[in-house]
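Below are the chains, spelled out letter by letter.
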Amino acid sequence: MMLKEAEARGATVMQGTATKPLLADDDAVRGVTVRWPTVRARTSKTQIVLDCSGQATFLANQRVTGPKYLGNYDKQVAFFSQVTGAVRGSGVSGEEAKDNTLIFYAKKFHWGWFIPLDKDVVSVGMVTPRADFLAKKQTPEEFFRNELYDINPEIRASYLR
């Protein structure tokens, strides 16, 4: 879904396998070396690099970002919902910013998301340590609402009123 949206907004999609990040003098990622199915590997400079490798964590394995934490996924729990009528700001980027995906981080293993799926529906969710959920002795809905607001208090204005 995100790939189709990126293409619709003008992104050029090139199917290959990233093998090495291209780093600037300040250690910022400025591109990648990519192995292509039909040609030799080539380095491409870019304005933005998205690591969409999921649990494969390309940039973490290349030691560009923070360390990769293994063995903790079974100690986390996810809560999510799809809602309509969420307030989407226009932001500084113009009208298209209302369709941006937002990710909120509170602390290690505790994060949330706000992902527009279409013009009406938004996916809202979070991942948190299972122990936190069990310790609060709340219903899943109570916990979800309270913790999501703690991750980003401004989401209260956008989420179910």
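Now for a quick tour of the structure. (Residues numbered from 1 in each chain as written. Predicted model: local features only at pLDDT ≥ 70, side-chain atom pairs only at ≥ 80, totals over all residues. Heavy atoms only, no water.)

Focus: unusual backbone geometry
Excluding glycine, most residues fall at negative phi; most peptide bonds, likewise, are trans. Put simply, the rule reads: In DSSP terms, a helix is any run of H or I states spanning at least four residues, a strand is any run of E spanning at least two, and both are numbered starting from the N terminus. A simple rule labels every residue: compare its accessible area, found with a 1.4 Å probe on the protein chains alone, to the largest value its type can have, and call it buried under 20%, exposed over 50%, or partly exposed in between.
Despite not being glycine, Arg 63 has its phi angle at roughly 60°, a positive value. For Arg 63, the location among the structural elements is in the loop between α2 (58-61) and β4 (76-84). For Arg 63, a relative accessible area of 73% translates into the label exposed. Although it is not a glycine, Lys 137 adopts a positive phi angle of roughly 50°. Secondary-structure assignment places Lys 137 in the loop between α3 (130-136) and α4 (140-151). By relative accessible area, which is 74% here, Lys 137 ends up exposed.

Re the sheet that holds strand β7 (residues 121-129)
Definition in use: Criterion used throughout: strands pair if DSSP finds at least two bridges between them. Here an axis means a line fitted to C-alpha atoms, over the contact stretch when the element is a helix, while the angle between two N-to-C directions is reported on a 0 to 180 degree scale.
The antiparallel open sheet is built from four strands, whose spatial order is β4-β7-β6-β5. The sheet terminates laterally at β4 and β5 (102-107), the two strands that pair on one side only. Strand-to-strand, the axes of this sheet are offset by a mean angle of 10°, without reference to chain direction. In terms of strand pairing, β5 meets strand β6 (residues 110-116) through five bridges, oriented antiparallel.

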